[in-house]
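In case you want the letters, here they are:
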Amino acid sequence: MTSNNPAVFLLMVNGQIEAADFPEYDDLYCKYCFVYGHDWAPTSGLEEGISQITSKGRGSQSLVWNFPLDITFKSTNPFGWPQIVVSVYGPDTFGNDVVRGYGAIHIPFTPGKHTKTIPMFVPESTSRLQKFTSWLMGRRPEFTDPKVVAQGEGREVTRVRSQGFVTLQFNIVTKDMKKLGYETTSEHSAATGLPRTSQQL
């Protein structure tokens with residue numbers, strides 16, 4: 001009876017944070033975490049992680065991590081669809097670890113293999129004096145909680161600068177979405193960015 005009338009659907013995510021492109025920097029590592037709505041709950045896997053430090057190869061501008069991702073979520077509706085937040089860190093001139101980029105992207109809506117590139121950014125000091133002081137003290141502006149990157153609140157007053165890209169590869173499997181009335185066809189999701197309900201069929 002339960003299998004015929006499921007109360008929740010599952011979203012299974014695995015893949016990897018493949019590589020990054022930061023032309024000005026080397027010896028970087030990354031952290032990731034997932035941000036999701038109130039109706040979502042992880043059932044297995046890791047919600048956050050930190051990679052190894054990687055360096056550019058000879059004649060290459062790419063920083064390769066191939067850092068694995070593996071998590072499964074359950075939910076009753078698509079609102080608050082999970083996002084992954086990636087933060088990249090590396091040493092400054094004085095050897096202090098400073099943030100080199102923040103970025104976030106929704107987990108793909110459609111099952112299958114997906115490759116996504118996240119444009120990264122860093123917060124900026126609001127004045128030249130603050131910029132000089134932070135450089136001198138080795139304390140660059142950064143978010144106390146990287147999860148704010150996936151939220152809109154307060155972002156309009158945050159001064160940022162684009163810097164680098166991170167490439168991720170996802171393998172997505174969903175279960176019981178159709179039984180709950182949600183359609184995840186590639187054509188609809190590509191046009192709207194959201195799974196559709198049976199009422200929209």
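Residues numbered from 1 in each chain as written. Predicted model: local features only at pLDDT ≥ 70, side-chain atom pairs only at ≥ 80, totals over all residues. Heavy atoms only, no water.

- Named according to an unreviewed UniProt entry, the chain is B9 domain-containing protein 1 originating from Cyprinus carpio carpio.
- Taken verbatim from the UniProt record of the chain, the Subcellular location (unreviewed entry) comment is "Cytoplasm, Cytoskeleton, Cilium basal body".
- If you open the UniProt record of the chain and go to Subunit (unreviewed entry), you find "Part of the tectonic-like complex (also named B9 complex)." (UniProt positions renumbered as here; feature names shortened; annotations may be inferred.)

### Quick look at the packing of aromatic side chains
- Per the stated rule, a full pass over the model turns up twelve aromatic pairs.
- When the centroid spacing of 5.7 Å and the interplanar angle of 75 degrees are considered together, the rings of Phe 34 and Phe 73 count as edge-to-face. Linking Phe 34 in strand β2 (residues 29-35) with Phe 73 in strand β5 (residues 62-75), this pair joins segments that are 39 residues apart in sequence. Phe 73 carries the same exposure label as Phe 34, and that label is buried.
- An aromatic cluster of three or more residues is present, and its members are Phe 9, Tyr 32, Phe 34, Tyr 36, Trp 40, Phe 67, Phe 73, Trp 81, Phe 109 and Tyr 182.
- Lying across the ring of Tyr 89, Lys 31 places its NZ or CZ 4.9 Å from the centre.
- Over the aromatic face of Tyr 25 sits the side chain of Arg 100, whose NZ or CZ is 3.9 Å from the ring centroid. (Phe/Tyr/Trp six-rings, centres within 6.5 Å; stacked < 30°, edge-to-face > 60°. Helix = DSSP H or I, 4+ residues; strand = E, 2+ residues; numbered from the N terminus. Buried < 20%, exposed > 50% of the residue type's maximum accessible area, 1.4 Å probe, protein only. Lys NZ or Arg CZ within 6 Å of the ring centre and 35° of its normal.)

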